[in-house]
Amino acid sequence: MADLRNAPIGVFDSGVGGLTILNEMLRELPDERFVYYGDTGNCPYGVRPTSEIQELSRNAARFLLERGAKVIVVACNTASVSALANLRETFTVPFVGVVPAIKPAATLTHSGHVGIAATEASAHGDYLRQLIADHANGVTVHAVGCPQLVLLAEKGVLGGPEAETAIRDYVDPMLALGIDVLVLGCTHFPAMRDAFVRVVGSEVAVIDSGAAIARQTRRVLAERGWLSGEGNVASEPRAITTADSLWCSGDIHQFARVAEAILGMSVEVRGAPEMVSPTRA
Ligand code: DGL
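Residues numbered from 1 in each chain as written. Predicted model: local features only at pLDDT ≥ 70, side-chain atom pairs only at ≥ 80, totals over all residues. Heavy atoms only, no water.

Caption draft 1: Representation of the overall build of the chain. Within the chain one finds 11 helices and 10 strands. A burial count over the chain gives 57% of its 281 residues as buried. Considering only contacts in the chain between residues 6 or more positions apart, those separated by 24 or more positions represent 78%. Of the accessible surface of the chain, which amounts to about 12000 Å², a share of 50% is contributed by carbon and sulfur atoms. (Helix = DSSP H or I, 4+ residues; strand = E, 2+ residues; numbered from the N terminus. Buried < 20%, exposed > 50% of the residue type's maximum accessible area, 1.4 Å probe, protein only. Contact = heavy atoms within 4.5 Å. Areas by Shrake-Rupley, 256 points an atom, 1.4 Å probe, with all protein chains shown as cover.)

Following this line, the structure appears as structure tokens:
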């Protein structure tokens, strides 16, 4: 078997959201190199039909494989829900998907009511229904699609009155139903965590699965003997270096500006060659 220890980890999302997962991996797997692809030219995914999300996800996976990815982290709940099985059928590379933190939420709740802020596709998909049936028995889960928040995050509106007003519109009805845990079920939303916390207040726990996904990626690599270097864990995310590369299919300056806000460091972004947009059936 080829020695893939020094090959990069591929990561993709419809846009900047997956950077919240990359940030966790820069801490959990600092010895690894990363190649990140944000499909900003086709964002948002969450309002598209499944067949389109699958086609875009296959394009993204191909792009990362062409850059030598040894594993692909689908750092997007929507693509994980709609396309993970299809990706695994299509390619032999291992994939790590993002699963909303339903299980920890079910353990944490006292009121028995949990909220999930997600995309339309994730909030209403069979996958979420199954996850709730498997892991949240006896708990009432209120899932809301929040497409406006994805657009705000892509614009770099991660906090402040505009973000908080939009969050309040989605979250207030769930608060009125008595939720005491709010799951951020879209990878864009941890970038707006402070705004979420200000809206829901200190009595509601706000959780996501970023750290768990980073640990799962470590497990997938360790099982295959593909961890790079010493396989260290750092206390803080390491800096992006020239060994890593960030790509997007839309405006690179806009992406770089938001990426810098999310990662808290300066980054260089490259433009991915024009991806074929899916044809609507
Ligand atoms: N970041 C994505 C997710 O986790 C999707 C946002 C979108 O493209 O709708 O679902």
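Caption draft 2: Summary view of unusual backbone geometry. Here Cys-43 and Pro-44 are connected by a cis peptide whose omega angle stands at 5 degrees. Examined against the element boundaries, Pro-44 turns out to sit in the loop between strand S2 (34-38) and helix H2 (50-66).

Caption draft 3: Region of interest: the pattern of salt bridges. Tallied over the entire structure, the rule returns 12 salt bridges. The residue Glu-52 makes a salt bridge to Arg-48 at a minimum N-O spacing of 2.8 Å. Both residues of the pair, Glu-52 and Arg-48, count as buried. A salt bridge links Arg-198 to Glu-164; the shortest N-O distance between them is 2.7 Å. (Salt bridge = Lys/Arg side-chain N within 4 Å of Asp/Glu carboxyl O.)

Caption draft 4: Structural detail: the pairing of S2. Counting buried positions over the five residues of S2 gives five, a clear majority of the element. Here S2 shows two buried faces, one formed by Phe-34, Tyr-36 and Gly-38 and the other by Val-35 and Tyr-37. Of the pairings in the sheet, the one linking strand S1 (residues 9-13) to S2 comprises five bridges and is parallel in character. Bridging across to S2, Asp-13 finds its partner in Gly-38. Chirality of the crossover, the property in question, places the unit of S1, helix H1 (residues 19-28) and S2 among those that are right-handed. Pairing analysis gives four bridges linking S2 to strand S9 (residues 245-248), with the strands arranged parallel. Considered in S9, the bridge of Tyr-37 is made with Trp-247. (Pairing = 2+ DSSP bridges. Right-handed = clockwise from strand over helix to strand, strands pointing away.)

Caption draft 5: Geometry of H1. Most of H1 is tucked away, with eight of its 10 residues classed as buried. Looking at the packing, one finds that the buried side of H1 touches S1, S2, strand S3 (71-74), helix H10 (210-224), S9 and helix H11 (252-263).

Caption draft 6: Quick peek at the environment of Glu-55. Along the polypeptide, Glu-55 turns up in helix H2. C-alpha separation for the pair Glu-55 and Met-25, spaced 30 residues apart in sequence, amounts to 26 Å.

Caption draft 7: Structural view of the sheet that holds strand S6 (residues 140-145). If you trace the four strands from one edge of the open sheet to the other, you get S6-S5-S7-S8, paired in parallel fashion. Both edges of this open sheet fall to S6 and strand S8 (205-207), since each of them pairs with a single strand only. On average, each strand axis in the sheet is tilted by 20 degrees relative to the strand beside it, whichever way the strands run. Bridge count for strand S5 (residues 113-118) against S6 is six bridges, and the pairing is parallel. The partner of Gly-115 across the bridge, within S6, is His-142. Packed on one face of the sheet, helix H8 (residues 161-176) meets S5, S6 and strand S7 (181-184) and runs near 165 degrees to S6. (Axes fitted to C-alpha atoms, helices over the stretch in contact; angles between N-to-C directions.)

Caption draft 8: Spotlight on the packing of aromatic side chains. The final tally for this structure, using the stated rule, is five aromatic pairs. Their ring planes at 80 degrees and their centres at 5.4 Å tell us that Phe-63 and Trp-247 sit as a pair that is edge-to-face. Placement of the pair is Phe-63 in helix H2 and Trp-247 in strand S9, with a sequence separation of 184 residues. The same class applies to Phe-63 and to Trp-247, which are both buried. Ring plane angle 50 degrees and centroid distance 6.2 Å describe the contact between Phe-91 and Phe-95, whose orientation is recorded as tilted. Each member of the pair, Phe-91 as well as Phe-95, carries the same accessibility label: buried. One aromatic cluster is present, formed by Tyr-37, Phe-63 and Trp-247 through successive ring pairs. Lying over the aromatic face of Phe-63, Arg-67 brings its terminal NZ or CZ to 3.8 Å of the ring centre. (Phe/Tyr/Trp six-rings, centres within 6.5 Å; stacked < 30°, edge-to-face > 60°. Lys NZ or Arg CZ within 6 Å of the ring centre and 35° of its normal.)

In short, the description is geometric, and any link to function would need to be established separately.
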